[in-house]
Amino acid sequence: MTNASRLPSLGVVRLPHSQGLDLPTYETAGAAGMDLRAAVPDDRPLILLPGKRALVPTGLILEIPAGFEGQVRPRSGLASKHGITCLNTPGTIDSDYRGEVKVLLCNLGEEDFAVTRGMRIAQLVLAPVTQLQLEERALAGETARGAGGFGSTGTA
Ligand SMILES: O=c1ccn([C@H]2C[C@H](O)[C@@H](COP(=O)(O)OP(=O)(O)OP(=O)(O)O)O2)c(=O)[nH]1
C-alpha cells in the first residue's frame, strides 16, 4: 500500500472554466500545501494593480472530509518577488462549503501583476479542526498568567 492510498480523500469537482487545467498538486513529497491554479480565461489575464485585490477563481469545488478544513495561504515566492499575497490569509474553506474555491489575492507591490490561466497563485493546506461546545461560566479559573498578555513576559 502506498502512502497516498492511506490518506483520507479530498473530493474535487472541476467546473467548466477549469477544464484543461491541472488539478492542485503537492509539488514535492513533503509539501504541506497543494498549489491552487488560477482559472481565468486564456485570453484575459487578470491584471492586479498595486494596492488592489481580486477574488480569483480556481474553477474547483472541494469536498473536504468532516473534521478537516482547507487553509488558503499565500505562496512565499509571489510574496517576496511581487508583493502578491492573500488578503484574508489563511482563507478558510469549510468542510460543508460546496461553492467554488476562490483566492482573495492582493497586490502589495509597486507594479501591476498579471494573473494568467493556470498560474499557481496560492496553496491549500488541509488541517484537522476541532469544534467545542461553549459553556458559559460566572468566573474564569485562576492561572499563573492571569490576564497578562500582549508582551507581559518581555522579550529577553
Ligand atoms: O479564501 C477563501 C475563503 C473562503 N472561501 C469560501 C469557502 C468558505 O467555506 C466560505 C466562507 O468563508 P468564511 O467563513 O471565511 O467567510 P464569511 O465571510 O464568514 O462568510 P460566510 O458567512 O459565508 O461564512 O467561502 C473561499 O473560497 N476562499
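Residues numbered from 1 in each chain as written. Predicted model: local features only at pLDDT ≥ 70, side-chain atom pairs only at ≥ 80, totals over all residues. Heavy atoms only, no water.

In the annotation of an unreviewed UniProt entry, the chain is listed under the name Deoxyuridine 5'-triphosphate nucleotidohydrolase and assigned to Neoaquamicrobium microcysteis. Taken directly from UniProt, the Pathway (unreviewed entry) text for the chain runs: "Pyrimidine metabolism; dUMP biosynthesis; dUMP from dCTP (dUTP route): step 2/2." If you open the UniProt record of the chain and go to Catalytic activity (unreviewed entry), you find "dUTP + H2O = dUMP + diphosphate + H(+)". (UniProt positions renumbered as here; feature names shortened; annotations may be inferred.)

Draft legend 1. Summary view of the overall build of the chain. A tally of regular secondary structure across the chain gives two helices and ten strands. Counting from the amino terminus, the chain carries its helices and strands in the arrangement α-β-β-β-β-β-α-β-β-β-β-β. Over its C-alpha atoms the chain spans a radius of gyration of 19 Å, topping by over 25% the 15 Å that the globule rule assigns to 156 residues. Structurally, the chain occupies a C-alpha span of about 60 × 45 × 30 Å along its principal axes. (Helix = DSSP H or I, 4+ residues; strand = E, 2+ residues; numbered from the N terminus. Rg over C-alpha atoms; globule rule 2.2 N^0.38 Å.)

Draft legend 2. Looking closely at the UniProt feature "binding site: substrate" (unreviewed entry) in the chain. UniProt records the feature "binding site: substrate" (unreviewed entry) at Arg75, Ser76, Gly77, Asn88, Thr92, Ile93 and Asp94, using the numbering of this structure. Spatially, the listed residues are scattered: they cover 20 residues, and their C-alpha atoms lie as much as 26.3 Å apart. Of the annotated residues named above, the ones that line the second largest pocket are Asn88, Thr92, Ile93 and Asp94. Within the element layout of this structure, Gly77 appears in helix α2 (residues 76-82). (1 Å grid on protein atoms, 1.4 Å probe; cavity = no way out; pocket = protein on both sides within 12 Å on 5 of 7 lines; lining within 4 Å.)

Draft legend 3. Spatial organisation of the sheet that holds strand β6 (residues 84-86). With antiparallel pairing, four strands are arranged side by side in an open sheet as β1-β4-β8-β6. Edge positions in the sheet fall to β1 (11-14) and β6, since each has one partner strand and no second. With strand direction ignored, the average angle separating the axes of adjacent strands in the sheet is 45°. As paired strands, strand β4 (residues 53-63) and strand β8 (residues 100-107) are joined by six bridges and run antiparallel to one another. In the sheet register, Val56 faces β8, and the bridge partner there is Val103. (Pairing = 2+ DSSP bridges. Axes fitted to C-alpha atoms, helices over the stretch in contact; angles between N-to-C directions.)

Draft legend 4. Up close: the site of the ligand. The environment of the ligand is made up of Asn88, Gly91, Thr92, Ile93, Asp94, Tyr97, Glu100, Val101 and Lys102. Take Asn88: an N or O atom from its side chain is 3.1 Å from an oxygen atom of the ligand. At 2.7 Å, a backbone N or O of Lys102 approaches a nitrogen atom of the ligand. For the ligand, whose free accessible area comes to 570 Å², the fraction covered by protein is 50%. Those elements that place two or more of their residues in the shell around the ligand are β7 (91-93) and β8. Partitioned by chemical class, the residues of the shell around the ligand number three nonpolar, three polar and three charged. (Near = heavy atom within 4 Å. Polar contact = N/O pair within 3.5 Å; in protein donor to acceptor, adjacent residues only side chain to side chain. Areas by Shrake-Rupley, 256 points an atom, 1.4 Å probe, with all protein chains shown as cover. Nonpolar A, V, L, I, M, F, W, Y, C, P; charged D, E, K, R; others polar.)

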